[in-house]
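# Analysis of the macromolecular model
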Amino acid sequence: MPPVNILIKPASSACNMACRYCFYKDVASHREHAFEGMLSLDRMQQVIQAGMAYAEHLCSFAFQGGEPTLAGLDFYRRVVNMQRQMARPDVQIRNAIQTNGYLLDDEWAAFFAEHHFLVGLSLDGPAELHNGNRLDAGGHGTFNRVMRAARLLEKYHVDFNILCVVTGRNAKSVEKIYRFYKKQGFRWLQFIPCLEPLEQERGVEQYHLSAQEYGKFLVRLFDLWYEDLRAGQYISIRHLDNWLGILLGEQPEACNMMGRCSVQFVIEGDGGVYPCDFYVTDAWRMGTVGDVSFAEMQQGAVAERFVKASLDIPEECRQCRWLPLCRNGCRRDRAVLSDSTVGLNCYCEAYRYFFARRERQLADAVRLICHMRL
Ligand code: SF4
Ligand code: SF4
C-alpha cells in the first residue's frame, strides 16, 4: 500500500468569490450536478476510515474547493478529532488547505497553527494584478482581504505557500510579481498556468496564456530566482524545485511533472471519488466513499482508463532531448486528438524555449542547491 493523498472538497464547487478564471466552476458545470452538496461529517468519517485503511506510512488530507472554509471552522475541529480517534501508530497524518483567504480570521489562523495545517493562499501578486481576476461576489477586488489573511497566518506562525495563477497579463509582469512577493517576505511560491475551459478551443478567454508568453515568463522567473540563489538566498518555486529534483535523480513530487497521471482520490460533497482535480466529471467517477474501498477504486476500470490515457508519448517527445525533464507536462494541458488519444502539451514551445536558453544555468543551480544541502 502506498502513501495516500486525499483531496477533499467539503463545500463542493461553492465559493464566496468569483474569480474570472475559476477552473473548478467550469469542471463542475460539466457534471449533472455542479454542486454536489456540503460534505457531511458522517461522510468525512468514511473518508478518514478509507484513508487509514489504505495508507502506508502517510495519509495526507488536502482540503480545497470551491472554497473549503465555507464548511466552517467547526467542521475542521470535528475532522481533527476524528483523525485522532482513527489514527494508526504507523501512519502519519498530514493536513493542508488551499484557500482564497476571504474568511480567515484570528480563530482560523490559530486553529491552523495548533493543528499544523499547511495553507496554500491564492494571491496573484500586487493589487493591480490580483484585482484584475480575483473578485468577490460583488465584482470587487479582494487584494486587501487576502493580504490581511497572509498577515494573520504570519502572526500565528502558520506555514503557508502563495499560489499565483499565471495568465497572459501576469506572465508579462513576472518581475513585478516576484519582487512584490520578496518584499512581503513570501518565500514559498507556486506559479500555476491558468487552465482554459474543458472542450473549448484555447485562446478565446481574456486570461489566455500563450506558449510564447509562458516561455518568456519561465526564463525571466528563473533568472530572478537564480540571481537570488547565487546570492545565497533560496526561494522555493515548486516548478523549479521539481526540475532541480529530477536533475538530482529524485522523483518529482508534483503529479503534473511525473509524465503520467496518478490516482489522487478527490472527494466531492456527496462522497463521490474522482482520480484528479481536473477531471471531477461524471465520466471519471470511481465510486462513492464508504461503498467502495480506495484499493478497489485504484484497481478499478475507471482508474485504469484514466492512467492509461496519459501513457502515450507523442513522436515529437520521443525525439526531444528535453523529455527527461519535461515529460510532456500535465495531461490536462495536452492536446486531445480526434481519436481521443492524448497529444503534445500546449506549452511544448514554452518548455523548449526555456530549456534551450537556461540549460547551463539549471545545471549550475543544481550544484548550488547541493552545496546548500550539505
Ligand atoms: S491530469 Fe495532470 S494533475 Fe491530473 S493526474 Fe494527470 S498529470 Fe496529474
Ligand atoms: S518540450 Fe515538447 S516535445 Fe519536448 S518533451 Fe516537452 S512537450 Fe515533448
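Everything below is about the structure printed above this text.
Counting of residues starts from 1 at the beginning of each chain's written sequence and follows it residue by residue. Labels are handed out in written order, letters beginning with A for the chains and numbers beginning with 1 for the ligands. Per-residue local features of the predicted model are confined to residues with pLDDT of at least 70, and side-chain atom pairs are confined, for both listing and counting, to 80 or more; whole-chain, interface and lining totals are unaffected and use all residues. Side-chain metrics in this entry use all non-hydrogen atoms of the structure; hydrogen atoms and water are not considered.

### Observations regarding the packing of aromatic side chains
Two aromatic rings, drawn from Phe, Tyr or Trp (for Trp, its six-membered ring), form a pair once their centres lie within 6.5 Å of each other, and the interplanar angle then sorts them: stacked below 30 degrees, edge-to-face above 60, tilted otherwise. Following the criterion strictly, the structure yields 35 aromatic pairs and no others. Seen in terms of ring centroids, Phe 63 and Tyr 76 are 5.1 Å apart; in terms of plane orientation they differ by 80°. Their pairing is edge-to-face. Note that Phe 63 is positioned in strand S2 (residues 58–63) and Tyr 76 in helix H3 (residues 73–86), a separation of 13 residues in sequence. In this pair, the class of Phe 63 matches that of Tyr 76, namely buried. Where Tyr 181 meets Phe 191, the ring centres are 6.2 Å apart and the plane angle is 45°; that geometry is what we call tilted. One end of the pair, Tyr 181, is in helix H8 (residues 174–184); the other, Phe 191, is in strand S6 (residues 188–193), and 10 residues separate them in sequence. When sorted by exposure, Tyr 181 lands in the same class as Phe 191, which is buried. Note that Arg 305 overlies the ring of Trp 284, its terminal NZ or CZ placed 4.6 Å from the centroid. The ring of Tyr 279 carries the charged tip of Arg 331 above its face, separated from the ring centre by 4.7 Å. Helical segments are the DSSP runs of H or I of at least four residues, strand segments are the runs of E of at least two, and each set is numbered from the N terminus. Type-normalised accessible area, obtained with a 1.4 Å probe on protein chains alone, sets the label of each residue: buried when under 20%, exposed when over 50%, and partly exposed for intermediate values. Should the NZ of a Lys or the CZ of an Arg lie within 6 Å of a ring centre and within 35 degrees of the ring normal, that charge is described as sitting over the ring.

### Concerning the site of ligand 2
Being near a molecule or strand, for a residue, comes down to having at least one heavy atom within 4 Å of it. Ligand 2 sits among Glu 316, Cys 317, Cys 320, Leu 323, Cys 326, Asn 328, Leu 344, Cys 348 and Arg 352. Listing elements by their share of the shell around ligand 2, those giving two or more residues are helix H13 (315–318), helix H14 (323–326) and helix H15 (348–373). Considering only residue class, the shell around ligand 2 consists of 6 nonpolar, 1 polar and 2 charged. Any residue that is not Ala, Val, Leu, Ile, Met, Phe, Trp, Tyr, Cys, Pro, Asp, Glu, Lys or Arg is counted as polar, Gly included; the first ten are nonpolar and the last four charged.

### Remarks on the environment of Leu 73
Its place among the elements puts Leu 73 in helix H3. Residue classification places Leu 73 among the buried positions, given a relative accessible area of 10%. Separated by 130 residues in sequence, Leu 73 and Gly 203 have C-alpha atoms that sit 39 Å apart. Two residues form a contact once any of their heavy atoms are found within 4.5 Å. If near-sequence neighbours (up to four positions away) are discounted, Leu 73 is found in contact with Glu 107, Trp 108 and Phe 111.

### A look at the nonpolar core
The nonpolar core is taken to be a set of buried Ala, Val, Leu, Ile, Met, Phe, Trp, Tyr and Cys residues, with the residues joined through side-chain atoms within 4.5 Å. Met 44, Trp 225 and Phe 294 are the most contacted members of the largest nonpolar core, which totals 110 residues. Among the elements that line this core, the one with the most residues is helix H9 (residues 211–230), at 10 residues. One finds Leu 7, Val 27, Val 266 and Tyr 274 within the second-largest nonpolar core, a separate group that totals 7 residues.

Read these as geometric descriptors, not functional statements.
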